[in-house]
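Spelled out from the first residue to the last, the chains are:
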Amino acid sequence: NLLIVGNGSMSQNLIKVLKKRFNIYITGRNPAKVSSLGHSTVPWLDYNAWSNFSLIVNTIGAQTTLFDDEFFTSWINTNPDYDSRRFIDLGCPSVLKTRYTSVHGITLLKDIFEKGDILDQEKREKIEIAKGAILEIAKKRSIPLTPRENPKEFLFA
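Thresholds applied
Residues numbered from 1 in each chain as written. Predicted model: local features only at pLDDT ≥ 70, side-chain atom pairs only at ≥ 80, totals over all residues. Heavy atoms only, no water. Helix = DSSP H or I, 4+ residues; strand = E, 2+ residues; numbered from the N terminus. Buried < 20%, exposed > 50% of the residue type's maximum accessible area, 1.4 Å probe, protein only. Contact = heavy atoms within 4.5 Å. Areas by Shrake-Rupley, 256 points an atom, 1.4 Å probe, with all protein chains shown as cover. Core = buried A, V, L, I, M, F, W, Y, C linked by side-chain atoms within 4.5 Å. Polar contact = N/O pair within 3.5 Å; in protein donor to acceptor, adjacent residues only side chain to side chain. Salt bridge = Lys/Arg side-chain N within 4 Å of Asp/Glu carboxyl O.

Novice: Please explain the overall build of the protein as it appears in this structure.
Specialist: Along its length, the protein carries 6 helices and 8 strands. What you see in the protein, going N to C, is helices and strands ordered as β-α-β-α-β-α-β-β-α-β-β-β-α-α. Burial status across the protein gives 29% buried among its 157 residues. Counted over contacts in the protein with a minimum sequence separation of 6, partners at least 24 positions apart contribute 50%. For the protein, the accessible surface area stands at approximately 10700 Å², while carbon and sulfur atoms represent 56% of it.

Below, the structure written as structure tokens:
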């Protein structure tokens, strides 16, 4: 089960991608719009109900706090298994104000971008290693052979 917080275009796009893999539940400020998305709904700001989801994706970005230490303490206690517990915050600006971090299963948008940067750097390093290996192979293959090593080549030259 996956709870998506928010009902805007990002939420709608996530639903399209994730509906085949997850049972989607949605909560948002506009109950009519939430209902129109065609998935199970969870009441807005019902933090007790929200805590029951081990997987939550927030799409709301605002200057207010929706998720604080009190929420995350309850969420972590309700979902003690770290391997199955994820809260992904895609909101910008973030609506989280908490001491909890990725160590606790909470991933912020900045964490995703940082991970992308790390993967890009690893990819660049692997490309450089591959280029070096290709050059080394090319050098080895370009060394002329003596007639003894490859007599046919010298017969037809």
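Novice: What is the right way to read unusual backbone geometry from this model?
Specialist: Negative phi values dominate among residues other than glycine, just as trans dominates among peptide bonds. A cis geometry characterises the amide bond from Cys92 onward to Pro93, with omega recorded as 0 degrees. Assignment of secondary structure puts Pro93 in the loop between β6 (86–89) and β7 (96–97). The phi angle at Leu45 is positive, at roughly 60 degrees, despite the residue not being glycine. Inspection of the secondary structure assignment puts Leu45 in the loop between β3 (40–41) and α3 (47–51).

Novice: Could you clarify how one ought to interpret the nonpolar core in this entry?
Specialist: Across soluble globular proteins, nonpolar side chains have a tendency to be buried as a group. In this structure, Ile56, Phe67, Phe71, Phe72, Trp75 and Phe87 are the most contacted members of the largest nonpolar core, which totals 20 residues. Put simply, the parts of the chain that give this core at least two residues each are β1 (2–5), α3 and α4 (69–78). Sorting elements by how many residues they give to this core places α4 first, with 4 residues. In this structure Phe72 touches Phe67, Phe87, Leu96, Thr98, Tyr100 and Ile106, once residues within four positions along its chain are discounted. Ranked by size, the runner-up nonpolar core spans 12 residues in total, among them Ile15, Ile26, Val57 and Leu90.

Novice: Would you mind showing me how to read the side chain of Asn58 here?
Specialist: Relative to the helices and strands, Asn58 is located in strand β4 (residues 55–58). Within the structure, the side chain of Asn58 is placed 2.7 Å from the side chain of Asp89, a separation counted as a polar contact. Not counting the four nearest positions on each side in its chain, Asn58 is found in contact with Val5, Phe67, Phe87, Ile88, Asp89, Leu90, Gly91 and Val95.

Novice: Would you mind showing me how to read the pattern of salt bridges here?
Specialist: Note that side chains of opposite charge can pair when their charged atoms are close. Taken as a whole and judged by the stated rule, the model has 2 salt bridges. Between Arg99 and Asp69 there is a salt bridge; the shortest N-O distance is 3.5 Å. Of the two residues, Arg99 sits in the loop between β7 and β8 (106–108) while Asp69 sits in helix α4, which places them 30 residues apart along the sequence. Relative accessible area serves as the criterion here: at 57%, Arg99 is assigned to the exposed category. Asp69 gets classed as partly exposed once you look at its relative accessible area, which sits at 26%.

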